[in-house]
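Geometric and topological summary
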Amino acid sequence: MVPRAEFESYYGRPVIKAPSWAARDIAGYFFLGGLAGAGSVLAAGAQLTGRTTTATAMKVSSLAAVSLSAAALVHDLGVPSRFPNMLRVLKPTSPMSVGSWLLAGYGPAAGAAAVSAVTGRLPRAGAAATTLAALPGPAVASYTAVLAADTAVPAWHGAHRELPYVFAASAMAAVAGMALVLGPVTESAPARCAALLATAAEATAIRAAEKRLGMVAEAYRQGRAGTLLRATRPLTTVGAAGGLLLGRRSRPAAVASGLALLAGSACTRFGIFAAGVASAEDPKYTVVPQRTDKPPDEGRGSGA
């Protein structure tokens with residue numbers, strides 16, 4: 001009998017077009033957006049608990065991060081006028097449209113909160129702006145995962161349920177690291193706890209995503225993506241453990257732990273971006289899962 005044909009591609013050509021986004025711009029946009037959104041949440045918490053130095057530091061870092069994030073997005077778009085053009089309508093079914101409006105509303109609030117904290121003027125308005133920035137903070141930190149998963153890229157779309165949790169946990173790790181770097185040791189307890197929770201949550205979410213992806217998870221383990229994602233766990237683990245054990249007493253240890261957490265979060269975002277590009281370029285990740293997901297009776301003849 002002739003063996004069953006194993007179709008993995010059409011003459012080795014990609015089935016879908018790989019993302020044309022530049023890694024530095026869009027993966028950086030993923031990372032910086034998460035740092036900004038989660039930073040505003042931590043800033044609001046620090047302000048409510050009287051950790052004023054940490055609150056000011058996080059407000060300033062969130063403003064810087066969202067500004068750089070928007071600049072990276074505009075740079076990738078190529079024509080700056082494309083960004084305001086996306087604000088002409090609000091389309092709830094489009095993650096890009098919703099994300100554009102999120103940034104447009106979040107940016108001014110984050111800016112007002114940072115300016116008030118630095119100058120000391122209009123404290124009530126600054127407190128209100130801090131709250132307004134914190135409310136959409138979780139969405140700003142994780143909507144880019146929905147944006148990526150809404151594409152046909154196998155490594156992103158196949159993990160559409162888990163990817164927002166990965167991005168949220170990664171953003172939490174990044175902002176915990178930034179708080180350890182910029183805030184005083186005496187105010188670092190929430191950041192140290194957040195780092196520990198983020199490390200566990202990120203590892204759990206990535207494992208769940210790989211389990212759901214099946215063979216497509218190879219894209220997360222090979223090549224540039226594999227190198228980056230393998231670096232994530234030791235960086236975040238060392239950062240969380242160092243902050244918890246040494247960061248409460250030693251300023252240099254807190255800074256080193258914070259930098260490790262920031263690096264681990266960046267590796268996660270850049271690694272996931274690289275995995276998506278790799279999965280789109282290899283046609284088997286598009287074809288094989290579709291063939292293995294067919295109903296059990298499909299293809300059976302009457303003599304089977």
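This text goes with the structure placed above it.
Residues numbered from 1 in each chain as written. Predicted model: local features only at pLDDT ≥ 70, side-chain atom pairs only at ≥ 80, totals over all residues. Heavy atoms only, no water.

**Here's the deal with the pattern of salt bridges**
Inclusion rule: By definition here, a salt bridge exists when the distance from a side-chain nitrogen of Lys or Arg to a carboxyl oxygen of Asp or Glu is within 4 Å. The helix and strand labels rest on DSSP assignments: H or I over at least four residues marks a helix, E over at least two residues marks a strand, and numbering proceeds from the N terminus.
The final tally for this structure, using the stated rule, is three salt bridges. With a shortest N-O distance of 3.7 Å, Glu210 and Arg221 are connected by a salt bridge. With Glu210 in helix 9 (residues 189-213) and Arg221 in helix 10 (residues 218-221), this residue pair connects regions lying eleven residues apart in the sequence. With its nearest N and O atoms 3.6 Å apart, the salt bridge here joins Glu218 to Lys284. A residue pair is termed long-range when its members are at least 10 positions apart, and Glu218 in helix 10 and Lys284 in helix 13 (residues 284-292) qualify at 66 residues.

**Regarding the nonpolar core**
Rule in force here: Take the buried Ala, Val, Leu, Ile, Met, Phe, Trp, Tyr and Cys residues and link them wherever side-chain atoms come within 4.5 Å; each set so joined is a nonpolar core. Each residue is assigned to one of three classes by its accessible area relative to the maximum for its type, calculated with a 1.4 Å probe on protein chains only: buried under 20%, partly exposed between the two thresholds, exposed over 50%.
In terms of nonpolar packing, the biggest core is built from 71 residues, with Tyr29, Trp156, Leu163, Tyr220 and Ile272 touching the most fellow members. Considering every element that reaches this core, the biggest residue donor is helix 8 (residues 163-182), with twelve residues.

**As for unusual backbone geometry**
The backbone of Leu122 shows a phi angle near 50°, a positive value even though the residue is not glycine. Structurally, Leu122 is set in the loop between helix 4 (95-119) and helix 5 (123-134).

**Quick notes on the packing of aromatic side chains**
Definition in use: Classification of ring pairs uses Phe, Tyr and Trp, with its six-membered ring standing for Trp, and accepts pairs whose centres are within 6.5 Å; under 30 degrees between planes counts as stacked, over 60 as edge-to-face, and the remaining range as tilted.
Inspection of every chain in the model, using the stated rule, returns five aromatic pairs. Relative to Tyr143, the ring of Tyr29 has its centre 6.5 Å away and its plane inclined at 75°; by these criteria the two rings are edge-to-face. Residue Tyr29 is located in helix 1 (residues 23-48), and its partner Tyr143 is located in helix 6 (residues 137-149); the two are separated by 114 residues in the primary sequence. Classification of Tyr29 by relative accessible area gives buried; the value is 2%. A residue is classified by how much of its surface remains accessible, and Tyr143, at 8% relative accessible area, is buried. Measuring from centroid to centroid gives 6.0 Å for Trp156 and Phe273, while their planes differ by 40°, and the two rings are tilted. Of this pair, Trp156 sits in helix 7 (residues 154-157) while Phe273 sits in helix 12 (residues 251-281), and the two are 117 residues apart along the sequence. By relative accessible area, Phe273 is classed as buried at 4%. Put simply, the rings of Tyr29, Phe30, Tyr143 and Phe167 touch in pairs and so form one group of aromatic residues.

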